[in-house]
Amino acid sequence: KVALSSSGGTAGARAQPAAAPRSGVPARAAPAAQPLALSWQGPNQAKVGDRISLTLNMPVSPGVENLGFLVGFDPSILKTLDVVEGELMKQGNQPANFTKTIDQASGQILVDLAGTGSGGASMGGSVVTLVFEVTAAAPQSQITVSRIASTGAGGEALAFAAPEPHTLAVSQ
């Protein structure tokens, strides 16, 4: 067998035996893929009585077929009014299965999204929009994302990096 060196372009590439790495240095494994990132978009300040919307976005989503996660919040400060499906899993005019379970008492929202088309979502977009009513003042309240689980179109597990907590300062 013969392998071609791909460093430095095609000019001057020489055929080498596959068993003998160039310069006698063992070949390195390809670097692990970077985890997919999620990010928050929404206000950082609010007043008691305000209705606020926070959107969870994914800038790139190569082949995401299923996505589930847990949102945490302080139920003494925020009351969940709604969780609205974003555009991420509806790409290509494909319907998506969207389920939300709001547990106001414990301050948790479980979200599951599943695409029904082939190939999964391929471009970034909004994942969900959370709609809260601010019920109490606090110098700082955080909304977090954890327990992220996702699979690609081929059933492979996809790695995700949770976004930094969204911090909200609430005044009277």
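Look a little higher up for the structure.
Residues numbered from 1 in each chain as written. Predicted model: local features only at pLDDT ≥ 70, side-chain atom pairs only at ≥ 80, totals over all residues. Heavy atoms only, no water.

**Student:** Got a minute to help me understand the overall build of the chain in this structure?
**Tutor:** Looking only at helices and strands, one finds zero helices and 14 strands in the chain. Secondary structure elements in the chain, listed N-terminal to C-terminal, are β-β-β-β-β-β-β-β-β-β-β-β-β-β. Out of the 172 residues in the chain, the part that is buried amounts to 33%. In the chain, the proportion of contacts linking residues at least 24 apart, taken out of those at least 6 apart, comes to 73%. Of the accessible surface of the chain, which amounts to about 9900 Å², a share of 53% is contributed by carbon and sulfur atoms. (Helix = DSSP H or I, 4+ residues; strand = E, 2+ residues; numbered from the N terminus. Buried < 20%, exposed > 50% of the residue type's maximum accessible area, 1.4 Å probe, protein only. Contact = heavy atoms within 4.5 Å. Areas by Shrake-Rupley, 256 points an atom, 1.4 Å probe, with all protein chains shown as cover.)

**Student:** Got a minute to help me understand the environment of glycine 107 in this structure?
**Tutor:** Relative to the helices and strands, glycine 107 is located in the loop between strand E9 (96-103) and strand E10 (108-115). Separated by 34 residues in sequence, glycine 107 and phenylalanine 73 have C-alpha atoms that sit 4.9 Å apart. Sequence-distant contacts of glycine 107, that is, excluding residues within four places in its chain, are made with Val71, Gly72, Phe73 and Pro75.

**Student:** I keep staring at the sheet that holds E10 and nothing clicks. Help me out?
**Tutor:** Each strand in a sheet pairs with another by means of backbone hydrogen bonds, the pair being arranged parallel or else antiparallel. Reading across the sheet, the six strands line up as E5-E14-E12-E7-E10-E9 and stay open at both edges, with mixed pairing between neighbours. What marks the edges here is a single partner per strand, and that holds for strand E5 (45-47) and E9. Sheet twist, expressed as the mean angle between neighbouring strand axes with direction ignored, is 20 degrees. Relative to E10, strand E7 (residues 64-72) runs antiparallel, the two being bridged by seven bridges. Residue pairing in the sheet places asparagine 66 in a bridge with alanine 114 of E10. (Pairing = 2+ DSSP bridges. Axes fitted to C-alpha atoms, helices over the stretch in contact; angles between N-to-C directions.)

**Student:** What is the right way to read the nonpolar core from this model?
**Tutor:** Side chains of a nonpolar character, in soluble globular proteins, are inclined to be buried together. Counting 32 residues, the largest nonpolar core has Leu67, Phe69, Leu78, Val127, Leu130, Phe132 and Ile143 as the members making the most contacts within it. Taken together, the elements giving at least two residues each to this core come down to strand E6 (51-58), E7, strand E8 (78-85), E10, strand E11 (125-134), strand E12 (138-152) and strand E14 (166-171). Residue contributions to this core peak at five residues, all from E11. (Core = buried A, V, L, I, M, F, W, Y, C linked by side-chain atoms within 4.5 Å.)

**Student:** How should I be thinking about the environment of aspartate 82 in this particular structure?
**Tutor:** You can see aspartate 82 is positioned in strand E8. For aspartate 82, a relative accessible area of 29% translates into the label partly exposed. Along the sequence, aspartate 82 and threonine 129 sit 47 residues apart, while their C-alpha atoms lie 8.2 Å from each other. Those residues within four positions of aspartate 82 in sequence are excluded, and the remaining contacts are Lys100, Thr129, Leu130 and Val131. Engagement of the side chain of aspartate 82 in a polar contact is seen with the side chain of lysine 100, the distance being 2.7 Å. (Polar contact = N/O pair within 3.5 Å; in protein donor to acceptor, adjacent residues only side chain to side chain.)

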